[in-house]
Amino acid sequence: GAAVGAWSTGGSLNTARQYTGGAGIQTAALAFGGVEPSDSNKTESYNGTSWTAVNNMASVQAQAGSGGTQTSALSFGGRMPSLSPAVQAINQSWNGTNWTEVNDLNTARRFPGGTGSDNTAALAFGGGTGGPGNTNTADTELWNGSNWTEVNNLNTARRLPAGTGTSTLALAIGGYSTTAVAITESWNGTNWTEVNDLNTARYSLGGAGTYTSSLVFGAEPASADTEEWNGVSWVEVNNLNTTRNGPGAAGADNNSSLAFGG
């Protein structure tokens, strides 16, 4: 986790994986799904010291968007190679003990950005649609605990952005359009507005924190680069100890975050 501008090494996941869903805070986090390299349904819970395997997801899910807490999380979109098409709209809800499949996204996609306060309030944005999921979308959807509703699009279509904040106050950070982008967009519950860019354009990055206090880390190709958002601009801070792309992420703000897997 990051504390006072520095990364320290915590306990390792029991199963190494990339493109892992993440929820919670630095001392109470959840990791789920991902690529092992085969796609996974495994779930692990973190207590601030070590990871413990808990009940598996209802379905294998990788390259999905996510949000919530250790006891109330959501995993949406992604891919399921056992199905055709592989790009999916699947949505799974975690109640602290078990995963349940709930109503799907309106638009199937993989590599969406996502954020949310719990399994009743989440935001999905961007991602890749089409056959292999390589057609970028700007589509944004809002989850109310029962259904997804299409709302105003991102200004820039992209896949693999990071997401931080809540369903009503959020950031969409970086991603891949025709190349890596540094674009940051701010969501006020109704519209997206472009704000100050990242210092380094990148995609497949982890993101944690709030609308005014966020941290992003890692990238593709594998990077240790870390940047801190203070509500106005991005500042480069101390790098991760281990370079990685596609990490899972959890955290309350830019001074208390967790990076796992990748």
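The structure presented is a predicted model; accordingly, all values stated were derived computationally and were not measured.

A. Expanded view of the environment of Gly11. Here Gly11 lies in the loop between β2 (6–7) and β3 (21–25). Gly11 sits in the partly exposed class, given a relative accessible area of 31%. Sequence separation of Gly11 and Ile173 is 162 residues, and the distance between their C-alpha atoms is 27 Å. If we ignore the near neighbours within four places in the chain, the residues touching Gly11 are Tyr46, Thr49 and Trp51.

B. Quick peek at the sheet that holds strand β7 (residues 65–68). One open sheet holds the 4 strands; their spatial order is β7-β8-β9-β10, and the pairing between them is antiparallel. Across the chains shown, the open sheet's two edge strands, defined by having one partner strand only, are β7 and β10 (99–102). Strand-to-strand twist in this sheet, taken as the mean axis angle between neighbours without regard to direction, amounts to 20°. Pairing between strand β8 (residues 73–76) and strand β9 (residues 91–94): 4 bridges, direction antiparallel. If you follow Ser75 over to β9, its bridge partner there is Gln92.

C. Up close: the pairing of strand β21 (residues 206–209). Burial of β21 is two-sided: the residues Gly206 and Ala208 facing one way and the residues Gly207 and Gly209 facing the other way are all buried. Following β21, the chain reverses through 4 residues before pairing antiparallel with strand β22 (residues 214–217).

D. Representation of the pattern of salt bridges. Scanning all chains against the criterion turns up 8 salt bridges. Here Glu227 ties to Arg202 by a salt bridge, and the two come within 2.9 Å at their closest N and O atoms. Remark: Arg202 occurs in the loop between β20 (192–195) and β21 and Glu227 occurs in strand β23 (residues 226–229); sequence separation between them is 25 residues. Both residues of the pair, Glu227 and Arg202, count as buried. Taken together, the shared-partner salt bridges connect Arg109, Asp139 and Glu141 into one network.

E. Fine view of the sheet that holds β20. With antiparallel pairing, the 4 strands of this open sheet are ordered in space as β17-β18-β19-β20. Of all the strands in the sheet, the pair left with one neighbour each is β17 (162–165) and β20. With direction set aside, neighbouring strand axes in the sheet form an average angle of 25°. Relative to β20, strand β19 (residues 184–187) is paired through 4 bridges, and the arrangement is antiparallel. Directly across from Ser186, in β20, lies its bridge partner Thr193.

Each value, and the rule that gives it
- Residues numbered from 1 in each chain as written.
- Predicted model: local features only at pLDDT ≥ 70, side-chain atom pairs only at ≥ 80, totals over all residues.
- Heavy atoms only, no water.
- Helix = DSSP H or I, 4+ residues; strand = E, 2+ residues; numbered from the N terminus.
- Buried < 20%, exposed > 50% of the residue type's maximum accessible area, 1.4 Å probe, protein only.
- Contact = heavy atoms within 4.5 Å.
- Pairing = 2+ DSSP bridges.
- Axes fitted to C-alpha atoms, helices over the stretch in contact; angles between N-to-C directions.
- Salt bridge = Lys/Arg side-chain N within 4 Å of Asp/Glu carboxyl O.

Shape is all these values report; function is a separate question.
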